[in-house]
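Now for the letters of each chain:
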Amino acid sequence: LAKTTQPISMDSYEGQEVNITCSHNNIATNDYITWYQQFPSQGPRFIIQGYKTKVTNEVASLFIPADRKSSTLSLPRVSLSDTAVYYCLVGDSLGTGFQKLVFGTGTRLLVSP
Amino acid sequence: DAGVIQSPRHEVTEMGQEVTLRCKPISGHDYLFWYRQTMMRGLELLIYFNNNVPIDDSGMPEDRFSAKMPNASFSTLKIQPSEPRDSAVYFCASRPPGDASTDTQYFGPGTRLTVL
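A few points on the structure. Quick caveat: nothing in here was measured; it's all calculated off a predicted structure.

### Let's talk about the overall build of chain A
Right, so step 1: A tally of regular secondary structure across chain A gives 0 helices and 11 strands.
Right, so step 2: Helices (α) and strands (β) of chain A occur, in sequence order from the N terminus, as β-β-β-β-β-β-β-β-β-β-β.
Right, so step 3: On C-alpha atoms alone, chain A measures out to a radius of gyration of 14 Å, which is about the 13 Å that the 2.2 N^0.38 rule sets for 113 residues.
Right, so step 4: Seen through its C-alpha atoms, chain A measures out along the principal axes to roughly 45 × 30 × 25 Å.
Right, so step 5: Scored against the burial criterion, the 113 residues of chain A give a buried share of 44%.
Right, so step 6: Taking the intrachain contacts of chain A between residues at least 6 apart in sequence as the baseline, contacts between residues at least 24 apart amount to 56%.
Right, so step 7: Here chain A displays about 5,600 Å² of accessible surface, and carbon together with sulfur accounts for 51% of that area.
Right, so step 8: Charged side chains in chain A number 9 positive and 8 negative. The centres of these two groups are separated by 7 Å.

Structure representation (C-alpha cells):
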C-alpha cells in the first residue's frame with residue numbers, strides 16, 4: 001500500500017499560484033495519482049488524476065516527474081473559495097482495474113485576501 | 001443527476017441505540033463506498049461494494065457495524081448498538097464503471113452522527 005506524505009498546511013493570498021507537493025516513494029507501477037478537494041461540511045471532490053508527466057484541466061495542473069515518487073498539484077491564481085483540504089492519494093492497485101483509495105491527512109490550504 | 005444522496009444529514013442518538021444510515025448512489029455507478037471521517041483518524045474507508053456485492057469490509061471497526069446493498073440504488077450502514085466513539089461524519093461515495101485510469105469517486109454530503 002503506497003503511502004503519501006504532504007504538508008499539513010499552507011497559506012497563500014488571492015491571485016497567487018499555489019503548489020502542493022506530495023511524496024509517494026513506494027508507488028507501484030500500476031498506481032495512479034489522484035487529488036481530491038474537501039470543503040468544510042462537504043464530501044471530498046475529485047480534482048485531477050494522472051499517471052506521469054503533466055495533466056491539466058480547468059481546475060488545476062498535476063506535475064509528475066519521471067520517477068513518479070512525488071507529484072505537485074498546481075492551483076493557478078487562487079481565490080478565497082479555494083480554501084479547503086487537499087488530499088493526495090495513490091491508488092492501491094488491485095490488478096483488477098480498480099484502485100482502493102486511501103486518504104491521508106491532507107493539506108489544509110488557507111487563502112487570505 | 002442529483003448526485004449521491006445520503007439520509008439523514010444529521011443524527012443524534014443515545015448510546016446503545018441502533019442507527020441506520022442510508023445512501024442512494026448515482027444511477028449507473030457500479031461501486032459504492034462507505035467512509036467515516038473524524039478529526040483524530042481522518043477519512044477511513046469502511047467497506048465497499050461492487051455490483052451490490054460486498055468486496056472488502058476490512059475497514060469496518062467491529063461487529064457492531066454492518067452494511068448492506070440490496071439493490072443498485074440503495075445501501076445502508078447500520079450501527080447496533082451505537083457508542084459515543086462512533087460519533088463522526090459518515091460519507092457514502094459511488095464510482096462509475098471504468099478502469100483505474102478514470103478512477104473518480106463521487107461523494108455524498110455526509111451524515112453527521114452524534115452518539116450521546
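This is not the end of the story, as more comes after the structure.
### Considering the side chain of B:Ser94
Residues and elements named next belong to chain B.
Right, so step 1: Its place among the elements puts Ser 94 in strand β9 (residues 88-95).
Right, so step 2: The class for Ser 94 is buried, based on a relative accessible area of 0%.
Right, so step 3: Looking at Ser 94, its side chain comes within polar contact range of the main-chain nitrogen of Ile 26, at 3.4 Å.
Right, so step 4: A polar side-chain atom of Ser 94 sits 2.6 Å from a polar atom in the side chain of His 29.
Right, so step 5: Not counting residues within four places of it along the chain, the set of residues in contact with Ser 94 comprises Val 4, Pro 25, Ile 26, His 29, Tyr 31, Leu 32, Phe 33, Thr 104, Gln 105 and Tyr 106.

### So, the packing of aromatic side chains
Right, so step 1: In this structure the tally under the stated criterion is 13 aromatic pairs over all chains.
Right, so step 2: By the ring-pair criterion, three or more aromatic residues cluster together here, those being A:Tyr36, A:Phe46, A:Tyr87, A:Phe103, B:Tyr31, B:Phe33, B:Tyr35, B:Tyr48, B:Phe91 and B:Phe107.
Right, so step 3: Positioned over the ring face of A:Tyr51 is A:Arg68, at 4.0 Å from the centre of the ring.

### A word on the sheet that holds strand β7 (residues 65-71) of chain B
Residue and element names in this part refer to chain B.
Right, so step 1: Strand order across the open sheet formed by 4 strands is β1-β3-β8-β7, with antiparallel pairing between neighbours. Either end of the sheet is taken by a strand with one partner, and the two such strands are β1 (5-7) and β7. Within this sheet the neighbouring strands show an average axis-to-axis angle of 15°, counted without direction.
Right, so step 2: Pairing geometry for β7 and strand β8 (residues 74-79), over 5 bridges, is antiparallel. Bridge pairing in β8 places Asn 71 opposite Phe 74.

### Thoughts on the state of the cysteines
Every disulfide links exactly two cysteines, by a covalent bond between their sulfur atoms.
Right, so step 1: Using the criterion set out here, one finds 2 disulfides over all chains in the structure.
Right, so step 2: With its sulfur 2.2 Å from that of its partner, A:Cys22 forms a disulfide with A:Cys88. Judged by the torsion about the S-S bond (-80°), the A:Cys22/A:Cys88 disulfide is left-handed. You can see A:Cys22 sitting in strand β2 (residues 18-23) and its partner A:Cys88 sitting in strand β8 (residues 84-90), a full 66 residues away along the chain. Like A:Cys88, A:Cys22 is buried.
Right, so step 3: The disulfide that involves B:Cys23 links it to B:Cys92, with 1.9 Å between the sulfurs. Torsion about the S-S bond of the B:Cys23 and B:Cys92 cystine: about -65°, corresponding to left-handed handedness. Taken together, the residues B:Cys23 in strand β3 (residues 19-24) and B:Cys92 in strand β9 connect sequence positions 69 residues apart.

The rules we used
Residues numbered from 1 in each chain as written. Chains lettered and ligands numbered in written order. Predicted model: local features only at pLDDT ≥ 70, side-chain atom pairs only at ≥ 80, totals over all residues. Heavy atoms only, no water. Helix = DSSP H or I, 4+ residues; strand = E, 2+ residues; numbered from the N terminus. Rg over C-alpha atoms; globule rule 2.2 N^0.38 Å. Buried < 20%, exposed > 50% of the residue type's maximum accessible area, 1.4 Å probe, protein only. Contact = heavy atoms within 4.5 Å. Areas by Shrake-Rupley, 256 points an atom, 1.4 Å probe, with all protein chains shown as cover. Lys, Arg positive; Asp, Glu negative; His and termini not counted. Charge placed at Lys NZ, Arg CZ, Asp CG, Glu CD. Polar contact = N/O pair within 3.5 Å; in protein donor to acceptor, adjacent residues only side chain to side chain. Phe/Tyr/Trp six-rings, centres within 6.5 Å; stacked < 30°, edge-to-face > 60°. Lys NZ or Arg CZ within 6 Å of the ring centre and 35° of its normal. Pairing = 2+ DSSP bridges. Axes fitted to C-alpha atoms, helices over the stretch in contact; angles between N-to-C directions. Disulfide = S-S within 2.5 Å.

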